[in-house]
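Structure at a glance
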Amino acid sequence: AGEHKTASERSFIMIKPDGVSRQLVGKIIDKFESRGYKLVALKTVTPSKELAQEHYADLSSRPFFPGLVSYITSGVPVVAMVWEGKDVIKQGRRIVGATNPLDADPGSVRGQYAVSVGRNLIHASDSFDSATKEIGLWFKENELSQYEPAAWGWVM
Ligand code: RTP
């Protein structure tokens, strides 16, 4: 379990269309940036139905799947990001909070800004395997930046 907990661990984080519409992008990015994580990639994407279905393929048999796909493909862009750093997959899930915002810690993104599971603002990879799959689905290799943040030695 420890082998991926290095400074090079990466997670795919996506601000969903409600986060963009509600102009919460800066506040959300700040939580990752000020924790010390390194921004590796960021872009807006207006997802196609195919991309949304592929991203949520594991949930395709769930009753909320069609509603989830329409939410993600509302026509408002999402902000797709890759963040890197120590334990970022698990810590990213904590920053985001529980799936149902009513169960989310008040200091988390969902606990601070949302009340509805169907409009829960943000996605974070839930494992090393999903992070690898999702980064590959949303980004090309040459969209992932390689650099050393100035503060990296002080925070990681
Ligand atoms: P995400 O993948 O977006 O980070 O969310 P999650 O792991 O916390 O939750 P997951 O179970 O994977 O569900 C994915 C997204 O589907 C929507 N959902 N709606 N109406 C419902 O009961 C319901 N349940 C899940 C949410 O947008 C959830 O984030």
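Residues numbered from 1 in each chain as written. Predicted model: local features only at pLDDT ≥ 70, side-chain atom pairs only at ≥ 80, totals over all residues. Heavy atoms only, no water.

1. Observations regarding the pairing of strand S1 (residues 10-15)
- Burial runs high along S1: five of the six residues are buried.
- Where S1 and strand S3 (residues 78-84) come together, six bridges link them in antiparallel fashion. Bridging from a neighbouring strand, Ile-15 pairs with Val-79 of S3. (Buried < 20%, exposed > 50% of the residue type's maximum accessible area, 1.4 Å probe, protein only. Helix = DSSP H or I, 4+ residues; strand = E, 2+ residues; numbered from the N terminus. Pairing = 2+ DSSP bridges.)

2. Overview of the packing of aromatic side chains
- Inspection of the entire model under this criterion finds three aromatic pairs.
- Judged by centre distance (6.4 Å) and plane angle (65°), the ring pair of Phe-12 and Phe-139 falls under edge-to-face. Here Phe-12 is found in strand S1, whereas its partner Phe-139 is found in the loop between helix H7 (128-138) and helix H8 (152-155), with 127 residues between them in sequence.
- By relative accessible area, Phe-139 is classed as buried at 7%.
- Ring centres of Phe-32 and Trp-83 lie 5.6 Å apart, and the angle between their planes is 25°; on these two criteria the pair is classed as stacked. Remark: Trp-83 occurs in strand S3 and Phe-32 occurs in helix H2 (residues 25-35); sequence separation between them is 51 residues.
- Here the aromatic residues Phe-12, Trp-138 and Phe-139 are joined through ring pairs into a cluster of three or more.
- In this structure, Lys-38 packs its charged tip against the face of Tyr-147, placed 5.0 Å from the ring centre. (Phe/Tyr/Trp six-rings, centres within 6.5 Å; stacked < 30°, edge-to-face > 60°. Lys NZ or Arg CZ within 6 Å of the ring centre and 35° of its normal.)

3. Notes on the nonpolar core
- Counting 21 residues, the largest nonpolar core has Ile-13, Phe-32, Met-81, Trp-83, Val-109, Leu-121 and Ile-122 as its most contacted members.
- Of all the secondary structure elements, the ones that give two or more residues to this core are S1, H2, S3, helix H5 (88-96), helix H6 (109-113) and strand S4 (122-124).
- With four residues, the top contributor of residues to this core is H5.
- In this structure, Val-45, Tyr-56, Ala-80 and Val-82 belong to the second largest nonpolar core, which totals 20 residues. (Core = buried A, V, L, I, M, F, W, Y, C linked by side-chain atoms within 4.5 Å.)

4. Comments concerning the pairing of S3
- Burial of S3 is extensive: seven of the seven residues sit out of reach of the surface.
- Side-chain alternation along S3 places Val-78, Ala-80, Val-82 and Glu-84 on one buried face and Val-79, Met-81 and Trp-83 on a second face that is also buried.
- One ladder, built from seven bridges, connects strand S2 (residues 38-45) with S3; its direction is antiparallel. Residue pairing in the sheet places Leu-42 in a bridge with Met-81 of S3.

The values are spatial; any link to function lies outside them.
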